[in-house]
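Chain residues, written in single-letter form:
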Amino acid sequence: TWIKAHISPKLQHTSVVLQIPSMQMLDYDLYVPRGEKLTKVKGNVDLQGRPIQTRYPIYYFMAKDSVYYLNLKKLPTQSLWINIDEPGKFVKQANTHFIVNSLYYGLIIMSIIFNVVLFLIFRDKRFWLYSLLQLCIFLIFFYQDGMFYFISKGKWVNPHFLLWIIALCSVISTIFAYYFLDLKKRIPHFKRIAVFMIGAIFCIVTIYIWTDVKLFRNLASVFFYLFPSICIYHAIKMFRKDVYARFLILTFGFIALVSVFFTLNNYIDSAFLSYFGMDTIRFASTLEVIVISFAIIFKVKALQQENERFREELDRYIYEL
C-alpha cells in the first residue's frame, strides 16, 4: 500500500521530521522525490547520519518537494496519524508527551506499591488482584507509548504482546470485580463460567496468532468485553443498594466505554471516534486508579469494622453462656 501525502508550504525547503506514533505502524518506508526518481530515506538517523533513539521510527529529511510517499506494505491503513514538523517543534512536543507519560507511569507504579503494602497489612486478596490489574494496564500503555521500542533500540517488537496483555487484563479485571462486589451469592457458578470464558479467550488468541485470520481477532475482542460484562451486569442491578457497585460502574464502566470507542476508531473512520485515542484512555485510567484505590480502602475498613462487631457480639454471647 502506497500513500502520497503533501507537505505544508511552511515546511517546504527546510529540514523536517516525520513520525507515525503507533506501535502498529513500524514496518514502513519513506520516499521523497529527487529529480525524476524516488529516494528512500533512512530511518532513526539525523541529517548528519547519526543514530537516534526514539519511541517510534523517525525520519529526518530535507523537504525539497511538496510531496512525500509512504510504502506501508501490508500494514492497516484505515486510520493513520502522521506527525511532520520542524525538528525544534517536534522535539519540544515529544518531550512534553514524554513528561506527561512519565507522570502517568509514576501514578500507576505508586498505585501498585500502595496496594501491595495494603495487602501485606490487611491480607485481603482485592489488593493484590488490583495490583496485578494495574500492572497489566501499565504494560499496555508502556508498550503502546513505544517505551519497549525505545529501551531496546528498536530490537524488541512483538506484535502479539499487546493482545496477550489485553486478554490477561480482561480476566483479572473480571475476577477483581467478582471479589470487590462479593458476588459469590449472586453468581454461584462463577468458577465454572470463569474457566470456560478464560479458556475461550486464550484459545481464540492462540488460534489468531497461529492463523492470522482477522475473524479470530475480532472474536477475541468480543470476549474481552463479554467476560467483564458479567460482573458489570450484576453491578448495575446492585447500583441503588450498594455504594461500591456505583464506584465500579462509574469507573470501570467509563474506562470500558472509552476502550470500546478506541477499538471502534481502529475500524471505523469517524470524526467523533477520532477523539478517543491513547490520551483519552490514559485520562480514564487515571480516574479509575484514584477512585478504586480509595474504594478498596473503605470497603476493607468497613469489613474489618463489621468483623470486629461480630467478634464483640460473639465474646458477649460466650460470656453470657
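K.L.:
What am I meant to see in the overall build of the protein here?
P.N.:
From N to C terminus, the protein includes eight helices and seven strands. Taking the principal axes of the C-alpha coordinates as reference, the protein spans close to 100 × 40 × 35 Å. Counting across all 321 residues of the protein, residues that qualify as buried make up 40%. Across the protein, contacts joining residues at least 24 apart in sequence account for 74% of those joining residues at least 6 apart. Here the protein displays about 18,800 Å² of accessible surface, and carbon together with sulfur accounts for 64% of that area. The averaged location of the 21 negative side-chain charges in the protein is 4 Å from the averaged location of its 35 positive side-chain charges.

K.L.:
I tried to follow the pattern of salt bridges on my own but got confused; where do I start?
P.N.:
Following the criterion strictly, the structure yields nine salt bridges and no others. Notably, a salt bridge pairs K73 with D27, separated by 2.9 Å at the nearest N-O pair. With K73 in the loop between β6 (67-71) and β7 (83-85) and D27 in the loop between β2 (15-19) and β3 (29-34), this pair connects stretches of sequence that are 46 residues apart. Residue D27 is classed as partly exposed on the basis of its relative accessible area of 46%. One salt bridge in this structure joins R311 and E308, with 2.6 Å as the shortest N-O distance. Residue R311 and its partner E308 are both found in helix α8 (residues 278-320); the two are separated by three residues, about one turn of the helix. Within the structure, one salt-bridge network assembled from shared partners comprises D27, D29, K40 and K73.

K.L.:
Can you help me understand the sheet that holds β7 in this one?
P.N.:
Sheet strands pair via backbone hydrogen bonds, and the direction of the pair is either parallel or antiparallel. The three strands lie next to each other as β5-β2-β7, forming an open sheet whose pairing is antiparallel. Looking along the sheet, the strands with just one partner apiece sit at the ends: β5 (58-62) and β7. Each strand of the sheet is rotated relative to its neighbour by a mean of 20°, with strand direction disregarded. Across three bridges, β2 lies against β7 in antiparallel orientation. Counterpart to L18 in the pairing with β7 is I84.

Parameters at a glance
- Residues numbered from 1 in each chain as written.
- Predicted model: local features only at pLDDT ≥ 70, side-chain atom pairs only at ≥ 80, totals over all residues.
- Heavy atoms only, no water.
- Helix = DSSP H or I, 4+ residues; strand = E, 2+ residues; numbered from the N terminus.
- Buried < 20%, exposed > 50% of the residue type's maximum accessible area, 1.4 Å probe, protein only.
- Contact = heavy atoms within 4.5 Å.
- Areas by Shrake-Rupley, 256 points an atom, 1.4 Å probe, with all protein chains shown as cover.
- Lys, Arg positive; Asp, Glu negative; His and termini not counted.
- Charge placed at Lys NZ, Arg CZ, Asp CG, Glu CD.
- Salt bridge = Lys/Arg side-chain N within 4 Å of Asp/Glu carboxyl O.
- Pairing = 2+ DSSP bridges.
- Axes fitted to C-alpha atoms, helices over the stretch in contact; angles between N-to-C directions.

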